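# Structural overview for review
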Amino acid sequence: MPFLALDCEGPLTLNDNAFEYSQAIIPKGDYFFTQISRFDDYLADIKKKEGYKAGDTLKLILPFLKLFGANNKSLKEFSKKTLTFLLEVPEVLPNLNKILPTFIISTSYKPYLEALCEVTKFPMENVFCTEVDLDKVKLSPSEAKILEKFHEEIVNMPLIELPKEAQKPEDLPSELLKTLDYLEKIFFDIIWNMDIGVFLREVNPIGGSEKAKACERISKELSISLSEGFYVGDSITDTQALSLIKENKGVSLSFNGNRYALRSAEFYALSKRGGIFLELAKIFSEEGKEPLENLVKKEPYEFGKIPLQKEEFDKLVEKSEAFRKKVRGELIGALG
């Protein structure tokens, strides 16, 4: 019996809960979050900073959410009110669990996943997500002043644009590198050592290596080989889980994915509907991986193997990223 693990935002919901909550709470929150998200992409994918993983954006923004009045109650209420599903997902999720053991592995904050489980009747015990307690620490007036200054600086910085071909810090323009070095100082030298820095020191977002670890834990606890694993992701936080399943000959699927997800997966799909997961899970559960290797669809969704040839791969990236923005909106679709 195989298992299925899905990222939440993208494959199941249209939200980016942390982005939307930042937009609602923080002045110029959409721009602020985008800056921090791209800084996150730089640290995880280009600098490969030791001890840092994709998705740690969700801890970097916490001191600033706290600065502008965020608390546990507000996050929970906001998550319930704004939850938006891909078509068919609320009906599909309970049925998936009847076909094969199904899990959600999400970088999102726990209150958002609790709202999703409440609506879909999906078992919360089958969810891996980011634990956060916004009421854990009080923000002192002196630290609030420091954060206010940093917030103003970050929203007034030019938009961080990482060249697609950049593979190491030396590949970046010197001015951009200067900005990124300064952001590193803000977060890891200054805020890290403040009382409010407890969020940076202790919160552990479920992204990058943590998603891969979650797949390994599922495999171990269910005594199901990773070759029988099916992982669905769409962004930089999914790359290690996708790679792990791919290396172990399971099914790794980039769903409306960006370049990071496509680089790490074996298969891709483009769709506006959640029914695709039911169909693919049934095939994998009943017949194994081989039928998927030979499956090429254009309707009612697009599905196929990710091409290895660079020119074809680049075309797919362009197509998938454009479709992603169409489904989730320009702002959210452009995030790493």
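Refer to the structure presented above.
Predicted, not measured: the structure shown is a model, and the values here were computed from it.

## Concerning the sheet that holds strand S6 (residues 267-270)
Reading across the sheet, the seven strands line up as S3-S2-S1-S4-S5-S6-S7 and stay open at both edges, with mixed pairing between neighbours. Across the chains shown, the open sheet's two edge strands, defined by having one partner strand only, are strand S3 (127-130) and strand S7 (302-305). The average angle at which neighbouring strand axes cross in this sheet is 15 degrees, direction not considered. Pairing geometry for strand S1 (residues 3-6) and strand S4 (residues 229-233), over four bridges, is parallel.

## Topic: the side chain of glutamate 20
Tracing the chain through its elements places glutamate 20 in helix H1 (residues 17-25). Buried charge glutamate 20 goes without a salt bridge, the closest partner of opposite sign being arginine 328 at 6.9 Å. Setting aside residues up to four positions removed in sequence, glutamate 20 forms contacts with Asn15, Phe78, Thr82 and Ile332.

## Section: the layout of surface pockets
If you add up the space inside the largest pocket, you get close to 1100 Å³. Taken together, 39 residues line the largest pocket, and the ones lying closest to its centre are Lys164, Arg259, Tyr260, Arg263 and Glu321. Of all the secondary-structure elements, those providing two or more residues to the lining of the largest pocket are helix H2 (29-47), helix H12 (239-247), helix H13 (259-264) and helix H16 (310-328). Here the lining of the largest pocket gets eight residues from one element, more than from any other, and that element is H16. Here the residues of the lining of the largest pocket sort into 15 nonpolar, seven polar and 17 charged. Counting contributing residues, the lining of the largest pocket receives three or more from each of domain 1 (3-14 + 84-132 + 206-334) and domain 2 (17-76 + 133-202).

Thresholds, definitions, all that
Residues numbered from 1 in each chain as written. Predicted model: local features only at pLDDT ≥ 70, side-chain atom pairs only at ≥ 80, totals over all residues. Heavy atoms only, no water. Pairing = 2+ DSSP bridges. Helix = DSSP H or I, 4+ residues; strand = E, 2+ residues; numbered from the N terminus. Axes fitted to C-alpha atoms, helices over the stretch in contact; angles between N-to-C directions. Buried < 20%, exposed > 50% of the residue type's maximum accessible area, 1.4 Å probe, protein only. Lys, Arg positive; Asp, Glu negative; His and termini not counted. Salt bridge = Lys/Arg side-chain N within 4 Å of Asp/Glu carboxyl O. Contact = heavy atoms within 4.5 Å. 1 Å grid on protein atoms, 1.4 Å probe; cavity = no way out; pocket = protein on both sides within 12 Å on 5 of 7 lines; lining within 4 Å. Points joined across faces, edges and corners; volume = space filled by probe spheres on them. Nonpolar A, V, L, I, M, F, W, Y, C, P; charged D, E, K, R; others polar. Domains from an automatic or database assignment.

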